[in-house]
Structures are given as structure tokens and as C-alpha cells.
Amino acid sequence: RASAETIAAMRCHYEVLGLERSCTEEEIKKAYRKQALLWHPDKNHHRAEEATQQFQLIQAAYAVLSDVQERAWYDNHREAILRGGSGVDEDEGVDLMEFFAPSAYSGFSGEHGFYAVYERVFADIAADEESVLEDPDMMFPVFGDENTSYEELRPFYAFWGNFVTMRQFHGADKWDLREATDRRVRRLMEKENKKLRDAKRKEYNTVVRELAAFVRKRDPRVNAFLKKQKEDKKKEMAETKLEQERKKKTRAKELQHLRKQHAAEHRELDASLDQIADQLSSLYADEDANEQKKEDGTYCAACNKPFKSTKQWENHQRSKKHQQAVATLKAMLQAEEEDEEKEEEEEKE
């Protein structure tokens, strides 16, 4: 439970920031910057303790009012939160409103610190639930301390963030069924009482779940895990980016190598084509020269041999080799003529 001093210290978040309850998000930001600058401990060495406490209230107020969901919850339960709680009611569960205020705990260590205070709060809720449970072996996750790891903490927030009470809240009943005059009236009484109990039960579930969310947002263990998770994600993205850049450079080098290789192949192909063109040009040039020599009469058809000058041609005509070639050529021509005549005669017959 909150002490009288703690309850007295509870101040409205709007009051701390000097705002009206109808203020806008932009007004909240401006007021926070103004108050934070005014009460920052580094600027108030002459009243360090007071400035530190006030600065913490300013930060806590801004944390709630800058969050749309938390602000809505605070607005709907403001009076109860500022009034503080009264502990455990015999039929109404644990009064938790005082624990939505930043003054519910002082720092994080010690008997009045964050871990000790909320460990006791959730232990009280669990004990209250156990008092009405039919299953005595049911286990409730515990809050732990500063040494509790996030993996151990995860089941705690999963359970309390989806909390469902076993209490029936008969204290919310409007009618005493013993006063019913007949069965019809009794059924109507029962129906209205059940509706009121369900509403009270739903409200209590919501309060416990909202408290779990309130605590989780301020839990250093959760924040440390989320910070590390964010850093790991950032590191992973940086490594992925580096890997993508490395692959991009590798592909660029491979592409450059392929371009050079293709350029070399094209040069080789061009050189081969040039060589073939030169060979064809030389061949056609030789044939043209032979044709020219034939036309000039310096070509021997019998020997299939060209001559550079008329004198060479005349000397060749007197050679024995040329005369034998001419005789052979004449014999071949004569034989061909005889064969043709013979074929013609055969065709006539």
C-alpha cells in the first residue's frame, strides 16, 4: 500500500506539465520541453534534490500523456489514481489504481524500488486469486528482480497481459434474491446481478492488464532487451547491406571481366576476318593475273603454267616437256572427239 506521504505526493500529470486536460499533442510536447529545461538537474545545482524529483515527475507525466492509449486510460481513471488504493477488498480484488502513478515506487533498487514494489503488487493479486481458486496447484508467474532475464520475464507479461480473474464479484449485486416475491422476479434479479458482476469482472481484468502494460513500458529489463534487439536488427541490416554491396561489386567485376573477354574475342575474330579477306584478295589477284596472262598469250594451257615474258613463253614452246604435253593434250582431245562421234552414231542407230 502507498504511504500517506506517497499518496500526498501524487500529482496530476496535467498539473505537472501546466496543461489543461483538453490540451493537444503539440501542446504536450511544448510544455514538456519547457518544464524539462526549467527543472533539469544540471541547471539547478542549488536545489538538486528538488529538481531531480520534479524532473522525474515531468518525465513520468510526459511518458503517460504522449502515449495515446495510456493517456486515454489515465483520463478515464484519473480520480481513482490520484486518490490512491486501499489494498485488498474481501470481494473486490486488489485496488491497483495507486500503482499507476510514478510515485508508487522510488528508483529501482531497495524496498521501495520498482522491482520490490511491483513484485509485491503482483504477488498480492496472485494470492487474492489463489484464495478463490478450486485448483490449489495453479502457478502464477512472478515479477522477479533486476537479475531476472528477459526469457524468464516473457511468461510473466504474457500471463498478466491476458489476465482473467477467477473472482465472481458478488459485492456488485444490486438485489438480494431472498427478497424475490416469486420465480419470475427472482430470475430478473439474478439476470441484473449477473450483468453487474460481469461488468465488474471485466473492469478488474482490464485494470490488471493495463497495469501489466504500464509496468512493462517502464521495466528496465524489457527496455534493455528491446534496445539490444533494435541494435541487433540494425547490425543485421548493416551486415546485409555490406553483403549486398559486396555482391554488387563482385558482379561488377565479373561483368567487367566478361566485357574484356568479349572485346578480346571480337579483336581475334576481326583479325581472323581480316586475314581471310587478305587471303581471298591475294587469291583473286592471282587468278586475275593468270587470266590476264592468258589474254596476253603468255599462258600455256597444255602445261597450265603462266609466263612473265614473251621470251620465256617462246623458250618454253621449244622445250621437250612442252611438246610432250601438247601431244598428250591433242591425243586427249582427239579421243574425246572420237567418243562423241561414236555416241552420236549409237544414238542414230
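Structure first, text after, so check above.
Caption draft 1: View of a negative patch on the surface. On the surface, Glu-336, Glu-337, Glu-338, Asp-339, Glu-340, Glu-341, Glu-343, Glu-344, Glu-345, Glu-346 and Glu-347 cluster together into a patch of negative charge. Examined against the element boundaries, Glu-345 turns out to sit in helix α11 (residues 320–348).

Caption draft 2: Just the packing of aromatic side chains, in detail. Considering all chains together, one arrives at 27 aromatic pairs under this definition. Here Trp-73 and Phe-100 contribute two aromatic rings whose centre-to-centre distance is 5.4 Å and whose plane-to-plane angle is 40°, an arrangement assigned as tilted. Separated by 27 residues along the polypeptide, Trp-73 in helix α5 (residues 68–83) and Phe-100 in the loop between β2 (93–94) and α6 (114–130) bring together distant segments of the chain. By relative accessible area, Trp-73 is classed as buried at 10%. Seen from the ring of Trp-39, Arg-47 lies directly overhead, with NZ or CZ sitting 4.2 Å from the centre. A cation over an aromatic ring shows up here: Arg-221 above the ring of Phe-143, its NZ or CZ 4.5 Å from the ring centre.

Caption draft 3: Representation of a nonpolar patch on the surface within the structure. Together, Leu-269, Leu-273, Ile-276, Leu-280 and Leu-283 line one region of the surface with nonpolar side chains, adding up to about 430 Å² of accessible area. Of note, Ile-276 is situated in helix α9 (residues 220–296).

Caption draft 4: Geometry of empty space enclosed by the protein. The full count for this structure, using the stated rule, is two cavities of 30 Å³ or more. Computed from the structure, the second largest cavity encloses a volume of approximately 30 Å³. Every residue lining the second largest cavity is listed: Met-10, Arg-11, His-13, Tyr-74, Ile-81, Leu-82, Ala-101 and Pro-102. The biggest single contributor to the lining of the second largest cavity is α5, with three residues. Tallied by class, the residues present in the lining of the second largest cavity amount to six nonpolar, one polar and one charged.

Caption draft 5: Representation of the nonpolar core in the model. Judged by nonpolar contacts, the single largest core of 53 residues is most densely connected at Leu-96, Tyr-118, Phe-122, Ile-125, Trp-160, Leu-211 and Val-215. Elements with a minimum of two residues in this core: α2 (13–17), α3 (25–39), α4 (48–65), α5, α6, α7 (150–160) and α8 (183–218). If one sorts the elements of this core by residue count, α6 sits on top with eight residues. In this structure, Val-215 is in contact with Phe-114, Tyr-118, Phe-122, Phe-143 and Tyr-157, ignoring residues within four places of it in sequence.

Thresholds applied
- Residues numbered from 1 in each chain as written.
- Predicted model: local features only at pLDDT ≥ 70, side-chain atom pairs only at ≥ 80, totals over all residues.
- Heavy atoms only, no water.
- Patch = residues over 30% accessible without salt bridge, like charges linked within 9 Å, V, L, I, M, F, W, Y side chains within 5 Å.
- Areas by Shrake-Rupley, 256 points an atom, 1.4 Å probe, with all protein chains shown as cover.
- Salt bridge = Lys/Arg side-chain N within 4 Å of Asp/Glu carboxyl O.
- Lys, Arg positive; Asp, Glu negative; His and termini not counted.
- Charge placed at Lys NZ, Arg CZ, Asp CG, Glu CD.
- Helix = DSSP H or I, 4+ residues; strand = E, 2+ residues; numbered from the N terminus.
- Phe/Tyr/Trp six-rings, centres within 6.5 Å; stacked < 30°, edge-to-face > 60°.
- Buried < 20%, exposed > 50% of the residue type's maximum accessible area, 1.4 Å probe, protein only.
- Lys NZ or Arg CZ within 6 Å of the ring centre and 35° of its normal.
- 1 Å grid on protein atoms, 1.4 Å probe; cavity = no way out; pocket = protein on both sides within 12 Å on 5 of 7 lines; lining within 4 Å.
- Points joined across faces, edges and corners; volume = space filled by probe spheres on them.
- Nonpolar A, V, L, I, M, F, W, Y, C, P; charged D, E, K, R; others polar.
- Core = buried A, V, L, I, M, F, W, Y, C linked by side-chain atoms within 4.5 Å.
- Contact = heavy atoms within 4.5 Å.

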